[in-house]
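Survey of secondary and tertiary structure
Here's the letter readout for the chains.
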Amino acid sequence: MLEDLSQAAVDDCWNRIGIHGDKRCELLAAHVHCRNCPVYARTARELLDRFPPSLAAASAPADEDAAIASHMAHHALALLVFRVQGEWLGLPTRVLEEVAPVRPVHTLPHHWSPALLGMTNVRGTLTVCVSLAQLLGIDPQRTPEARARQGAPRMLVMAGAKGTGRPVVLPVDEVDAIYRVDENTVQALPDTLSHASVKCARGMVRCGPRTVGLLDAALLAQAIDRSLA
């Protein structure tokens, strides 16, 4: 069952009739490139919520596989793990529209919020760009090893809250991977953990080789709204 979920066919129209295919897609004239197309973005969101291949490859008896799938269906949380300076954090994939390459950010004059970086172009729409480091109060001096770490910066496009329809771009220093974790394994924040990045965190969770701070999407959205008010 897990294998079926992770390996279901994907209509990669961009490779058939899009920019990497024969270019006969009727939407190309309007969007110029597949990365600007809503069909491409929708497929990306669907892929974000799938089981990673490592889970599908794990062998298990049929009855055990069914039990695992049933449990995961009710308690699984798909997280995108990324780094902001020296902090490894995770956000549920359901609140993310896409992971995009770094794009130019146009600063805004006369704004007061240090978290507001400016505006950037997302599929032809100017979108607000917010600094997670500023928003969460992450101190680069506290994690000097982050400056020496090599990683490919990315921009996360976080979906707008229901009713507002206003996505926000969050630049990050590195993206690790998508992990499927059991919500029951989320640990409470230690009382001794006092640095500012826990302001929007709901707990700590193990993702592969590291423990990451699980961000609360609702609290993060509220903090973003306050920074833009």
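Only a predicted model underlies this, so the values are computations on that prediction, with no experimental measurement involved.

**Brief notes about helix H9 (residues 217-228)**
Its 12 residues place the ends of H9 17 Å apart at the C-alpha level, agreeing with the 16 Å of an ideal helix rising 1.5 Å per residue. The complete set of buried residues in H9 reads Ala217, Leu220, Ala223, Ile224 and Ser227. Considered in projection along H9, the buried side chains sweep an arc of 125° and stay on one side of the axis. Where the residues of H9 are buried, they touch strand E2 (87-92), strand E5 (125-130), helix H7 (132-136), strand E6 (154-158), strand E7 (168-172) and strand E10 (210-215). Sitting at the amino-terminal end of H9 is Asp216, which places a side-chain oxygen 3.0 Å from the backbone nitrogen of Ala218.

**A word on the side chain of Asp182**
Mapped onto the fold, Asp182 is located in strand E8 (residues 174-182). Nearest to the buried, unbridged Asp182 among oppositely charged side chains is Arg202, at 9.4 Å. A distance of 2.9 Å separates the side chain of Asp182 from the backbone nitrogen of Asn184, its partner in a polar contact.

**Focus on the sheet that holds strand E4 (residues 116-122)**
Taken together, the 5 strands give an open sheet; going across it, the order is E3-E6-E7-E5-E4, and neighbouring strands pair in mixed fashion. Each edge of the open sheet carries a strand with a single partner, namely strand E3 (96-100) and E4. For this sheet the average axis-to-axis angle between neighbouring strands, irrespective of direction, equals 30°. Sheet topology places E3 next to E6; 4 bridges connect them, and they run antiparallel. Paired with Ala100 across the bridge in E6 is Met155.

**Thoughts on the packing of aromatic side chains**
Considering all chains together, one arrives at 0 aromatic pairs under this definition. The side chain of Arg210 reaches across the aromatic face of Trp88, ending 3.8 Å from its centre.

**A look at the sheet that holds strand E9 (residues 201-207)**
Judged by pairing direction, the sheet is mixed, and its 5 strands sit side by side in the order E8-E1-E2-E10-E9 without closing on themselves. Each edge of the open sheet carries a strand with a single partner, namely E8 and E9. Going from strand to strand, the sheet's axes swing by 35° on average, the running direction of each strand aside. Summarising the sheet, strand E1 (residues 76-84) and E2 pair through 6 bridges and their orientation is antiparallel. Within E2, the position partnered with Leu79 by the bridge is Pro92.

**Here we look at the confidence of the model for the chain**
Summarising the model, the chain shows a mean pLDDT of 76, and 71% of its residues fall at 70 or more. Mean pLDDT per element in the chain: helix H1 (residues 2-7) is the minimum at 37, and E7 is the maximum at 95. Scored below 50 in pLDDT, residues 64-74 shows 11 contacts in the model against residues more than four places distant or in partner chains.

**Some thoughts on the pattern of salt bridges**
Applying the stated rule across the entire model yields 6 salt bridges. The salt bridge involving Arg83 is made with Glu174; its shortest N-O contact spans 3.0 Å. Placement of the pair is Arg83 in strand E1 and Glu174 in strand E8, with a sequence separation of 91 residues. For Arg123, the salt bridge goes to Glu98, with nearest N and O atoms at 2.0 Å.

Calculation notes
- Residues numbered from 1 in each chain as written.
- Predicted model: local features only at pLDDT ≥ 70, side-chain atom pairs only at ≥ 80, totals over all residues.
- Heavy atoms only, no water.
- Helix = DSSP H or I, 4+ residues; strand = E, 2+ residues; numbered from the N terminus.
- Expected span 1.5 Å × (residues − 1).
- Buried < 20%, exposed > 50% of the residue type's maximum accessible area, 1.4 Å probe, protein only.
- Arc of directions from axis to C-beta.
- Contact = heavy atoms within 4.5 Å.
- Polar contact = N/O pair within 3.5 Å; in protein donor to acceptor, adjacent residues only side chain to side chain.
- Lys, Arg positive; Asp, Glu negative; His and termini not counted.
- Salt bridge = Lys/Arg side-chain N within 4 Å of Asp/Glu carboxyl O.
- Pairing = 2+ DSSP bridges.
- Axes fitted to C-alpha atoms, helices over the stretch in contact; angles between N-to-C directions.
- Phe/Tyr/Trp six-rings, centres within 6.5 Å; stacked < 30°, edge-to-face > 60°.
- Lys NZ or Arg CZ within 6 Å of the ring centre and 35° of its normal.
- pLDDT = per-residue confidence, 0-100.

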